[in-house]
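Residues per chain, in single letters:
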Amino acid sequence: MMLICDINRYMKLRVFLAVAACKCSRFAIRLLGRGGTDFPGRIALKICPNLLGELAKNVTTLIVTGTNGKTTTSRMIEQSWQDAGISFFANKSGANLLSGVTAEFAVHSTFFGRCRYTHALIESDEAAFKAISTFVDAKAIVVTNVFRDQLDRYGEVTHTLENIQIGISHSPNAVVCLNADDSLCTSLADGLENTVIFYGVDTPIYDSRVKELSDAPYCIHCKAEYEYQYITYGHLGYYHCPNCGYSRPICDVSVCKVLVSNDTKSSVIFRTEGEQYAAEIALPGGYNIYNACACMAAGKAIGLAADKTAASLSSFSCGFGRMEKFKIHDQDVRMILIKNPAGCNQVLNFLTELKEPFVFVACLNDRAQDGKDVSWIWDVDFERLTQMDSLLSRIYVSGVRAEDLALRFKYAGFPEDRLHIEKDYHALMEQATSHKLPVFVMPTYTAMLDLRGTISKAYGYKQFWE
């Protein structure tokens, strides 16, 4: 008995020291004007490797994971929780690895390890999900999609799928929300004893789409080629295997009609449990229709009223760099993060539907968080932009691998006199906004952080962690 008491006191001491170290280091880093989203968690885990498990006890946690759309989906869910009056915190700074998630739990807990909130909304990197789920007993899990992404880090899509599958296996008490239109994502339901909620889009989104390479053209069970009633984008859509019969499941939550999709918003009709709910999504782009549908599924998973969740979609604020809008020299500048061919092609789908002239900026880095291999830019249908003629006023390229992007655009058929390389981010924004036209910026992750930092300092916007 004495030994058990000593062990408990020892664990409480380690938790106290780890939380204190995390809070203090985070405070110091923020004083220096840095983000401090990951390093404090690494310090804390050195002191108490099981810290996340201790802090997450008795906290109702929803985890969002997948390749694309995690941050935006999380921000949509966050708005619905805020409107519902739920006491929660979220890792909105993008700290989605084990160390970052641990840090978020620590700074939102007392020094003695008691969380100050009843709920936690956690965005999880798909590779880190299996580790995070070891310590967090999630009430609900939302999987957005599975696409080819950063081959040097994640490997092929089957490896990403396996990581997510392991994470779900660590979460026997979770309601699992799966994208029914993604044949890879849907396969995660095979053999699951968890309650599963399927969500999807029951109708095509775009009148015409850019050319895309499918990341999953063949049946995951028998390897026969899928047939589609329609494709929304990438390998997503109403798929069916003519050989073994594997097909898109019936959706519990779906978008049954797209009423409006323009450069500022989308208006849709959701269907769930036989009822329909009109919603206005405060972001443009077909991929954000999927993110909104995932939010509706998440609401269903934790018992929120569907009409209330749908209403929240019109008022949420987008995550940093995800369709984020700035005003620079009276010009609208919209930043749209990209990281793989599927996501990039969806941005192009959005841009090619614009009706007014604009300036396009693309920034490519090859740091660890972006992926060292940038050959994926050759799988993107940049040729589609050449068809926009006078609507596409100027193209600027920037970032560590700006020359690679310039070469890609040259091979896509862009005239050299309309293509400009500018690696200084402040000069880039000055030049791009000088044409008195809307500017759309498409950066990879670390380029987005650097560019956003420049915008914050030069034009008076908040830093991403604020």
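What comes next is a walk through the structure. All of these numbers come straight from a predicted model, not from anything done at the bench. Every chain is numbered independently, its residues counted from 1 as its sequence is written. In view of the model being predicted, local features appear only for residues whose pLDDT reaches at least 70, and side-chain atom pairs are presented and counted only at 80 or more, with totals across whole chains, interfaces and linings using the full set of residues. Only hydrogens and water are set aside when side-chain values are computed; all heavy atoms of the structure are taken into account.

**Concerning the overall build of the chain**
Next, step 1: The way it works is that DSSP assigns letters per residue, a run of H or I at least four long becomes a helix, a run of E at least two long becomes a strand, and they are numbered from the N terminus. For the chain, the helix and strand inventory stands at 15 helices and 17 strands.
Next, step 2: For the chain, the C-alpha radius of gyration of 22 Å lies close to 23 Å, the compact-globule estimate for 466 residues.
Next, step 3: In terms of principal-axis extent, the alpha carbons of the chain reach across some 80 × 55 × 40 Å.
Next, step 4: Relative accessibility decides the category of a residue: with a 1.4 Å probe and only protein chains considered, values under 20% of the type maximum give buried, values over 50% give exposed, and everything between is partly exposed. Burial analysis of the chain (466 residues in total) assigns 58% to the buried set.
Next, step 5: Whether two residues touch is decided by their heavy atoms; if any such pair falls within 4.5 Å, the residues are in contact. Intrachain contacts of the chain at a sequence separation of at least 6 include 71% that bridge at least 24 residues.
Next, step 6: As presented, the chain carries roughly 19,200 Å² of accessible surface, and 52% of it is formed by carbon and sulfur atoms.
Next, step 7: Charged residues are defined narrowly, with Lys and Arg counted positive, Asp and Glu counted negative, and His plus the chain ends left uncounted. By convention, the point assigned to a charge is CZ for Arg, NZ for Lys, CD for Glu and CG for Asp. Computing the positive centroid from 47 side-chain charges and the negative centroid from 51, the chain places the two 7 Å apart. With C-alpha atoms as the basis for the radius of gyration, the globule rule is written as 2.2 Å multiplied by the number of residues raised to the power 0.38. Accessibility throughout is a Shrake-Rupley quantity obtained with a 1.4 Å probe, and a residue counts as covered only by protein chains that appear here.

**Points about a nonpolar patch on the surface**
Next, step 1: There is a patch of nonpolar side chains on the surface, built from W378, L407 and Y411 and spanning about 350 Å² of accessible area.
Next, step 2: With a relative accessible area of 41%, W378 lands in the partly exposed category. Think of a patch as exposed residues, more than 30% relative accessible area, with no salt bridge, where like charges cluster within 9 Å and nonpolar side chains (Val, Leu, Ile, Met, Phe, Trp, Tyr) cluster within 5 Å. The term salt bridge refers to a side-chain nitrogen of Lys or Arg lying within 4 Å of a carboxyl oxygen of Asp or Glu.

**Section: the pairing of strand β4 (residues 140-143)**
Next, step 1: Both faces of β4 are covered, namely the face carrying A140 and V142 and the face carrying I141 and V143.
Next, step 2: Any two strands are treated as partners once DSSP identifies two or more bridges connecting them. With four bridges joining them, strand β1 (residues 60-65) and β4 adopt parallel strand pairing. Paired with I63 across the two strands is I141, which belongs to β4.
Next, step 3: The pairing of β4 with strand β5 (residues 175-179) spans four bridges and is parallel. Bridge pairing in β5 links V143 to L178.

**Here we look at the pattern of salt bridges**
Next, step 1: Inspection of the entire model under this criterion finds 22 salt bridges.
Next, step 2: For the salt bridge of K265 with E280, the shortest nitrogen-to-oxygen distance reads 3.1 Å. Note that K265 is positioned in the loop between β9 (253-261) and β10 (266-272) and E280 in strand β11 (residues 275-281), a separation of 15 residues in sequence.
Next, step 3: When its relative accessible area of 27% is taken as the criterion, K265 is described as partly exposed.

**Details of the packing of helix α14 (residues 425-433) against helix α15 (residues 445-459)**
Next, step 1: At a minimum axis distance of 9 Å, the contact between α14 and α15 shows a crossing angle of 75 degrees. With respect to α15, the axis of α14 lies roughly perpendicular. Residues Y425, H426, M429 and E430 of α14 lie in contact with α15, whose contacting residues are A447, D450, L451, T454, I455, A458 and Y459.
Next, step 2: The class makeup of the residues in the contact of α14 with α15 is seven nonpolar, two polar and two charged. A fitted line through C-alpha atoms represents every axis, and for helices the fit uses only the stretch in contact; the resulting angles, taken between N-to-C directions, go from 0 to 180 degrees. Every angle not falling under 35 degrees, over 145, or within 65 to 115 is termed oblique; those three ranges are roughly parallel, roughly antiparallel and roughly perpendicular. Note that Gly is not counted as nonpolar here; it falls among the polar residues with everything else outside the nonpolar set of Ala, Val, Leu, Ile, Met, Phe, Trp, Tyr, Cys and Pro and the charged set of Asp, Glu, Lys and Arg.

**Re the packing of helix α2 (residues 39-47) against helix α5 (residues 98-107)**
Next, step 1: At a closest axis distance of 7 Å, the pairing of α2 and α5 adopts a crossing angle of 85 degrees. In terms of their interaxial angle, α2 and α5 are classed as roughly perpendicular. Mapping the contact onto sequence places G41, R42 and L45 in α2 and L98, S99, T102 and A103 in α5.

**Things to note about unusual backbone geometry**
Next, step 1: Despite not being glycine, N58 has its phi angle at roughly 65 degrees, a positive value.
Next, step 2: Within the secondary structure layout, N58 lies in the loop between α3 (51-55) and β1.
Next, step 3: When its relative accessible area of 81% is taken as the criterion, N58 is described as exposed.
Next, step 4: Phi is positive for D330, which is not a glycine, with a value near 65 degrees.
Next, step 5: Tracing the backbone through its elements, the reader meets D330 in the loop between β12 (322-328) and β13 (331-336).

**Comments concerning the sheet that holds strand β2 (residues 88-90)**
Next, step 1: Read across the open sheet, the nine strands follow the order β2-β3-β1-β4-β5-β6-β9-β10-β11; overall the sheet is mixed. A strand with exactly one partner marks an edge of an open sheet, and here the two such strands are β2 and β11. On average, each strand axis in the sheet is tilted by 20 degrees relative to the strand beside it, whichever way the strands run.
Next, step 2: Summarising the sheet, β2 and strand β3 (residues 119-123) pair through three bridges and their orientation is parallel. Bridge pairing in β3 places F88 opposite H119.
Next, step 3: Contacts between α5 and the sheet are confined to β1, β2 and β3, with β3 contributing the most and set at about 155 degrees to the helix.
Next, step 4: Of the strands in this sheet, β1, β4, β5, β6 (196-201), β9, β10 and β11 touch helix α10 (residues 286-302), which is tilted by about 155 degrees from β6.

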